[in-house]
Amino acid sequence: MKSKLNTILIIFSIIPFVIITTITLYFYGKKDQSDRINELQSNAKSSSETITRLLKMQETELSFLAKQNDLINFCSISQNANKTDYQILYTDLQKVLEQKLNLNEYYQILSIYDKNGVIINSTKEQEIDKKDSAHPIIQQINKTKNVACASLSSDYYPNLNANNPHFDIGSPIFQDQSNKIIGYIILTIDVRLFDEYLNNLELGQSHFASIADTNGNYLFSHNFESSHEDNSTFVSKFKSAIKEQPSSGHFSVGSRFNKDIYSYYLIDDLDWYFVASQNINFSITVYSYAITIVLISITILLIIILISSRKIAKSFTSPILDLRDCMQQAADGDLTVLCNVKTNDEFGELSRSFNKMLHIIKSNYDELSFVHKKLMVKEEQLRTNYEHIEFLAYHDSLTKLPNKAAFYDYLNITLNCEPGSTQSHAIYFVDLDNFKTVNDTLGHDYGDELLIQTAKRLNGYIKSDDLLARAGGDEFLIFKTNISTQEEALSFAKNILSTFKDPIDINGTFIYISMSIGVSLYPINGIQYNTLIKNADIAMYRSKDTGKNRLTLFNESMQLEISRHSKVTEVLRHAIDKKEIYLVYQPQFDLTLERIIGFEALMRITNPTMGKLSPSEFIPIAEESDLINELGTWALREACRFNKHLQDNGFPFCTVAVNISTIQLNQKGFVNLVVNILNETGLAPRYLELEITESAIASSIHDAVSILDKLQSLGIRISLDDFGTGYSSLNYLTQMPIDTLKIDKVFIDKINLNKKDNFVAEAIISLAHNLEVKVVAEGVEDKEQLILLREKQCDLIQGYLYSKPLKPEDLIQIL
C-alpha cells in the first residue's frame, strides 16, 4: 500500500509537467510549420505573378510587332495573285522576323499565318513545308481577338529539342486600323526564358523552385539535379492537390521527421504552375533539445517527490491497514467485527461508518435470504412458462410439427451458413386437395385427424437434416437437403403422391385424399428462403390450376410473380421523388386511461399504374433491394415531423411508433441518424418509439442490444413487435432493453374462440408484467377480444375495433 501511494504521488506530480511541455512543443511545431507554409505560398504567388508579367511583356512586344506595316502588307498581298510583289515582301519580312528572333536566345520560331490559319512565312522553312492545319492557339485568338498564350506538347515541334519545353504567344494581325483579322503572328519560346529569374531567387540550400505542368512534370527548375530525382510521390500528391485547389495550395511529401513542404501557384494564360518547396527536417533537432531538457527536469523532480512521498504515505497507511483487516474479517463472514480507528480525521469517520454499515448488513441478512428463496421459486415458474410458450410459438398444436415460423428460421439458418455453396436443396409446398369437403361432410374432428395422419405419412420421408412443417390450414412445407439432381427432387415428390393413393382409415371411415405439390430448387430458383418458398407456392398453385393431384417444378413460365417483383422494386426506387409514398397512423388506446396515448406510423404506397401496394408485398422487396434504408429514413423523419406538428398545435402529447427493419438497425451510424432526425424535427426523444421484430436481432443479439441500449439511454422507447412469431423469442426478453411488448395478431384472432390462444396471450401478458414491460395487443377487431384483454390486464390495444389506420387529417379529427 505504501509503495503504491508513493508511485501515485510521483506519477501525478510529474504528469502535469509532461503534459504542459508536450502541448507546448506540439503547438510550437504547428506554428513553425504554418509559418513556413505561409512563407512558401507567398513566394510561389509572387514568383508566379512575376512570370506572368514576363509573359505579358512578351505579349506586348509581339502585339506591337503585329502592327508593323510590313506584316500587314504581306498578309494583305498574300491574298492576291501578284507573285512578284509577294516574293519581295516575303524576303523582306523574313529578315524582320530573323532580327526579332535574334533579340533573345530563347526565341525559337517566329511564324506568320494567313487568316485561314495556313502558315505563309517562318524563320524555319521546315515549318512551312510541314504544317497543313491551323495552329491550336489561333482558336483562342479568334475568340478574344487579342493576344493569346498557350503550351503545346513537345511533339508539335519535332525540329526543336524535346528536352526543353516550349510555349507559344500569338497575336492577331488586323487590316489597317479595322477590327478585321487578316493574319496571325506566333512566337515559340523556350521555357528557359525564365532561367535568369529563377536563378536569381535566394532560396537557400533546403529550398527548391520549379515550373511544372498539370501532370507534375518539371518543365524547368532552379536546381536541375533535384528536379530530376524520382518524384512519383510528388506527382501523385501534386495531382491530388491541384484537383482540390486548382489555383493555389500546398501539400507535403515524406516522413514525419524528413518532410518536404511544397507550395504551388497557377501561372496565368498557361496550364503551368510555379512550385516552391522546403525541407523541414531541421526541426527534429529543436525537438531533441526540448526532450532532453524535459527528461533532466523529470529526473530532478522525481528525486524530490520520492523523498516527500515516503513521509506522506506513512501517515495514511496505518489506519488503512487497520480498516483492511476489519474488512477482510467481514468478508470471511464475521459480521460482528468492529474497527477501532479512533482518530478525528476522515479515517476515524470511515471507521465509524464501517461499523454502522456492518450492523445494517447483519440486521438485513435474514430478510435477504428469505427474498432469495422467493426469487428462486419465481424463476422456476418463469422458466416453465417460457418453455411452454416457446413450444406453442414454434409448433403446430394439432400435428405437433414445427410451424411456418420455425420452418422459415430453419431455412434461413441453413442457407445462410453456407453462402456460395454449390450444394442443391429442394423446397416442397404441399396442399391437400378438397380438404374443405372433408370438413364440411365429416366434420372438423375428422379433418383434424386427417391432418394428423397426413403429417405422420409425410414424416416417414423426412431424414435427419430435412424438415417437415405445417404451414397452416391444409398446407405443409418440406425442406429436403443435399439433393444431387433435379430428377431426385421430382422423384421424392412422386413418391409422396404415390403413398397417398391408399386411403386413410379414420375411425373406420376410409378417406381418399390427394395433394398438389409445388417444388423450387436452391439455388436455381432462388437463394433467399422467402423467394424459394414463394416460388414453391407459385408452382403449387400451378398444380392446383392444372388438375390437382400432381407436382409442378417452378420454371421460367411462372415469371409473372417475378415480373411484378421487378415492377414493385422500380416503384419503390422512385416512390419518394414521385410522392407516391405516404404514412397512415393507427391509434393505440390505453385501457386504463381510456384515451389515445400514441399511434403507430404505417407506410403506404399508391402507384398510378399498380394501384395501392400492400406493405406485406413491398416491404420485403424493399429489404431485399436495399431500398428499406432510404424509405425507412423518410418514414422516421415524416412521423417525427408530424408528431411535433401535432404538439405545436395544442394536441395531446402522444408517442409515435415507427417500425425499424433488420437492415435499418444494422446500418452504420443508425443511432446518429435517429438523433439527427430528432434534432431536425425538434421532437423530444420520449415521444418516439421504435418497433423492432425478433428477426432484427436474431443475427447478433449482442450488437442489437448495444444499439438499443444507446437509443434507450437517449430517452427513446423500444418496442418488441410481432412477439411470439420469431424463433426463440423469449431468449431475448431478459437481454433486450425493451419498454413495450406487442402481442402478434395471430394470438389475438382466436383468443375468444381457442383456449390455447387464450392461454398463450394470458401467459405473454403475465410474463411481460413480471418483467415490468407494457403490453400492446395488435389486431383487436371485436368486443369479445377487448373484454378478454381487459380481464387479463392488457395495457394497450390497437386494431380495427377502435380505429383503422388513418391519414393525418383523419387522425387530427379523432384527436
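Everything that follows concerns the structure shown earlier in this document.
Residues numbered from 1 in each chain as written. Predicted model: local features only at pLDDT ≥ 70, side-chain atom pairs only at ≥ 80, totals over all residues. Heavy atoms only, no water.

### Quick word on the sheet that holds strand β2 (residues 119–122)
Item 1. Spatial strand order, β2-β1-β5-β4-β3: 5 strands in an open sheet with antiparallel pairing. Each having just a single partner strand, β2 and β3 (148–151) make up the two edges of the open sheet. This sheet shows a mean twist of 25 degrees between the axes of neighbouring strands, independent of strand direction.
Item 2. Pairing of β3 with strand β4 (residues 166–174) involves 4 bridges; the strand directions are antiparallel. Directly across from A150, in β4, lies its bridge partner D168.
Item 3. Sheet contacts for helix α2 (residues 69–77): β1 (107–114), β2, β4 and β5 (181–190); angle to β5, the most-contacted strand, approximately 125 degrees.
Item 4. Strands in contact with helix α5 (residues 137–144) are β1, β3, β4 and β5; relative to β3, the strand with the most contacts, it is inclined by about 155 degrees. (Pairing = 2+ DSSP bridges. Helix = DSSP H or I, 4+ residues; strand = E, 2+ residues; numbered from the N terminus. Axes fitted to C-alpha atoms, helices over the stretch in contact; angles between N-to-C directions. Contact = heavy atoms within 4.5 Å.)

### Here's the deal with the packing of aromatic side chains
Item 1. Evaluated as defined, the whole model comprises 20 aromatic pairs.
Item 2. Between F234 and F251, the ring centres sit 5.8 Å apart and the planes meet at 40 degrees, which makes this aromatic pair tilted. Here F234, found in helix α8 (residues 232–244), pairs with F251, found in strand β8 (residues 248–254); they are 17 residues apart in sequence, far enough to count as distant.
Item 3. Pairing Y585 with F642 gives two aromatic rings, centres 4.6 Å apart and planes at 20 degrees, and the pair type is stacked. You can see Y585 sitting in strand β18 (residues 581–590) and its partner F642 sitting in helix α18 (residues 628–648), a full 57 residues away along the chain.
Item 4. Through pairs of rings, three or more aromatic residues link up here, namely F234, F238, F251, Y262, Y264 and Y273.
Item 5. Over the ring of F500 we find R457; its NZ or CZ atom is 5.5 Å from the centre of that ring.
Item 6. Geometry around Y582 places K807 over its ring, the cationic atom sitting 6.0 Å from the centre. (Phe/Tyr/Trp six-rings, centres within 6.5 Å; stacked < 30°, edge-to-face > 60°. Lys NZ or Arg CZ within 6 Å of the ring centre and 35° of its normal.)

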